[in-house]
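Overview (structure and organization)
Chain residues, written in single-letter form:
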Amino acid sequence: PITKRLHSNYKQILNTGRISSSGPNLQNIPSNNSFRSAFTAPSDCKIVNADYSGQEQIILANKSNDKDLQYFYQQNLGDMHSYIASKIFPELLNVSLKDIKKYHPEKRQIAKAAGFAINYGGNGYTISKNLGIPEKQGEEVYEAYFKAFPNLKKYFNQVQNQALLSGYILIDPITGRKNWFTPPNSEKDKNKIRRNALNYPIQGEAGGITKRAPILFRKWILDNELQEVVFITNLVHDEINVETTESYAQLAADNLERCMKEAADKWCKTIPLKADAVITDYWQH
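Residues numbered from 1 in each chain as written. Predicted model: local features only at pLDDT ≥ 70, side-chain atom pairs only at ≥ 80, totals over all residues. Heavy atoms only, no water.

**Quick look at the pattern of salt bridges**
Applying the stated criterion across every chain, the model contains 13 salt bridges. For Lys63, the salt bridge goes to Glu205, with nearest N and O atoms at 2.8 Å. On the criterion of sequence distance, the pair formed by Lys63 in helix 2 (residues 55–64) and Glu205 in helix 10 (residues 187–223) is long-range, its members being 142 residues apart. Note on Lys63: relative accessible area 22%, which makes it partly exposed. You can call Glu205 buried: its relative accessible area is 4%. Through salt bridges with shared partners, one network takes in Glu91, Glu106 and Lys107. (Salt bridge = Lys/Arg side-chain N within 4 Å of Asp/Glu carboxyl O. Helix = DSSP H or I, 4+ residues; strand = E, 2+ residues; numbered from the N terminus. Buried < 20%, exposed > 50% of the residue type's maximum accessible area, 1.4 Å probe, protein only.)

**So, the nonpolar core**
Counting residues in each nonpolar core, the largest one holds 64 residues, and the members touching the most others are Tyr52, Ile88, Tyr145 and Phe217. Among the elements that take part in this core, helix 10 stands out by supplying 9 residues, more than any other. Setting aside chain neighbours within four positions, we find Tyr52 in contact with Ile209, Thr210, Ala213, Asp238, Met260, Lys261, Ala263, Ala264, Leu273, Lys274 and Ala275. Of all hydrophobic cores here, the second largest spans 7 residues; its members include Ala163, Ile169, Ala197 and Tyr200. (Core = buried A, V, L, I, M, F, W, Y, C linked by side-chain atoms within 4.5 Å. Contact = heavy atoms within 4.5 Å.)

Below is the structure:
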């Protein structure tokens, strides 16, 4: 009634440390412009949006220390799904990533589905189910994926075994945050722990990064006495939204990018995680 604005409630998800939103859930607004163009900047103001590009995949590349995954980012190859396809399908070995995307979309889609499934603890059956392909083919894709990224397999085995032996999942090695679980009574329980052992640490580090970034940005605001000019308005997973006057928009964008990278540098020491900011009249990310 006072501000004539929507005010969401933010809470920390206990298992991972990610942030959730409710009343209303502003993290669940569809990303297309037909919805987000309803969120506009006030008169004489701009919205500054910045989000991390490939946050979870870059966190995984740093945590697993897989040289082939890291090579993709070091060489700035662009399309991760085409790159994975080139690694798991021998016939695409010497095909450019651009041509894979253009002429082999079905193999790129298989690589994309395999990456998402495996990174969250899935197996060959998961891949076959998600793609509607024979289970044997799903298993072949699964095996080819880990043959292409051998250190990834070692990392997965390490964190899964550590969880089962210790009775907890190490969410964040920097802060030491853990997720304790009830000892498993069945193979089904163990499989759930194995999946969570892969998922929780990635989500946990992503959550830690996305929470640290606005703290750094808020410090910049206060240090420069801009608290009446620059406002953090919304956090959406790997994205931070800011509102400011038009004259301060570029300064805010530059410092938001800087703070988001600085926040990520604490965790992503080999492959940097960067953010790209845009200055808009409405919510565009």
